[in-house]
Amino acid sequence: MSTRTAAPTRREQILREAARLFAERGFHGVGVDEIGAAVGISGPGLYRHFAGKDAMLAELLVGISERLLSGGRLRVEESAADPEVLLAALIDGHIDFALDDRPLITLHDRELDRLRESDRKLVRQLQRQYVELWVEAVCAMYPALAEADARAAVHAVFGLLNSTPHLGRPDARMGRDATADLLHRLARGAFAAAADGA
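Bear in mind that the values here come from a model prediction, so they are computed numbers and not experimental data. (Residues numbered from 1 in each chain as written. Predicted model: local features only at pLDDT ≥ 70, side-chain atom pairs only at ≥ 80, totals over all residues. Heavy atoms only, no water.)

Novice: Please clarify how unusual backbone geometry should be interpreted in this entry.
Specialist: Leave glycine aside and you will find that most residues have negative phi; peptide bonds, for their part, are mostly trans. Positive phi, close to 55°, is recorded for Ala80, a residue that is not glycine. If you trace the backbone, Ala80 turns up in the loop between helix H3 (53-78) and helix H4 (83-100). Among the residues examined, Ala80 registers a relative accessible area of 68% and is labelled exposed. A positive phi is found at Ala81, a non-glycine position, where the angle reads about 60°. In this structure, Ala81 sits in the loop between H3 and H4. (Helix = DSSP H or I, 4+ residues; strand = E, 2+ residues; numbered from the N terminus. Buried < 20%, exposed > 50% of the residue type's maximum accessible area, 1.4 Å probe, protein only.)

Structure representation (structure tokens):
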């Protein structure tokens, strides 16, 4: 059986480059022609795939929220109701996102308000559901921790994990695996500290 990953579609290539460029220079600092040039097509050729930059931004931000939620739900199913396994899997899944999709974190922080109201509400709704998966997992792992405290701890851990755009290049100081391990230990430590104060 082949283990090769399928090559990204043209649409996926466009989204990846749009995310990178938007994160580097801001949504309004990037033209359609530049995105097209980054993937080897003319700017107008992008309109065969997207209605415009707004549509790209919406697909990027809604898409990552959907992906995080579906991945979280899958980890819940695969954990066999083992709180330790589930919490570790949720942390690892979010670390993969935080290390591999850094431009999307920057984009979310800077550009979420540029989405149409309906798309922004959808992103927020998906994010709330994702947070609640984590809250349930943290409460199962640390039963003495009040739900409100667990929710605050989850948001704090997201802040920690989503700080990766500020770490510099992934290989600048430590490799990806070492960075992932450090982030995992910090996240687990944060939850344990919250539970110790309960």
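Moving on from the coordinates now.
Novice: For this particular structure, what's the right way to read the packing of H4 against helix H5 (residues 102-111)?
Specialist: When two helices pack together, you describe them by how their axes are tilted relative to each other and by the distance separating the axes. Look at H4 against H5: their axes get within 5 Å of each other, and the N-to-C directions meet at 85°. Considered as vectors, H4 and H5 are oriented roughly perpendicular to each other. Listed contacts from H5 to Phe97, Ala98, Leu99 and Asp100 of H4 are Arg102, Leu104 and Ile105. Per-class residue counts for the contact of H4 with H5 are five nonpolar, no polar and two charged. (Axes fitted to C-alpha atoms, helices over the stretch in contact; angles between N-to-C directions. Parallel < 35°, antiparallel > 145°, perpendicular 65-115°, else oblique. Contact = heavy atoms within 4.5 Å. Nonpolar A, V, L, I, M, F, W, Y, C, P; charged D, E, K, R; others polar.)

Novice: It is not clear to me how the nonpolar core should be interpreted in this structure. Could you clarify?
Specialist: The nonpolar side chains of soluble globular proteins are, as a tendency, buried together. Phe22, Ile35, Met56, Trp134 and Phe191 are the most contacted members of the largest nonpolar core, which has 59 residues in total. For this core, the secondary-structure elements that each account for two or more residues are helix H1 (10-25), helix H2 (32-39), H3, H4, H5, helix H6 (117-141), helix H7 (147-161) and helix H8 (176-196). If you tally residues by element for this core, the top one is H6, at 10 residues. Setting aside anything within four residues of it in sequence, one finds Met56 in contact with Ile14, Leu15, Ala18, Phe22, Ile35, Leu46 and Phe50. (Core = buried A, V, L, I, M, F, W, Y, C linked by side-chain atoms within 4.5 Å.)

Novice: I keep staring at the environment of Ala38 and nothing clicks. Help me out?
Specialist: You can see Ala38 is positioned in helix H2. Looking at Ala38, the relative accessible area reads 35%, which means it is partly exposed.

Novice: Explain the packing of H4 against H8 to me, please; I cannot follow it from the model alone.
Specialist: For the pair H4 and H8, the least separation of the axes is 10 Å and the interaxial angle reads 130°. Regarding the angle of H4 to H8, the classification is oblique. The way H4 lies across H8 gives a crossing that is right-handed. Here Glu84, Leu87, Ala88, Ile91, Asp92, Ile95, Asp96, Leu99 and Asp100 of H4 lie close against H8, whose contacting residues are Arg176, Thr179, Ala180, Leu183, His184, Ala187, Arg188 and Phe191. Of the residues belonging to the contact of H4 with H8, the class tally is nine nonpolar, two polar and six charged. (Left-handed = near helix turned anticlockwise from the far one by under 90°.)

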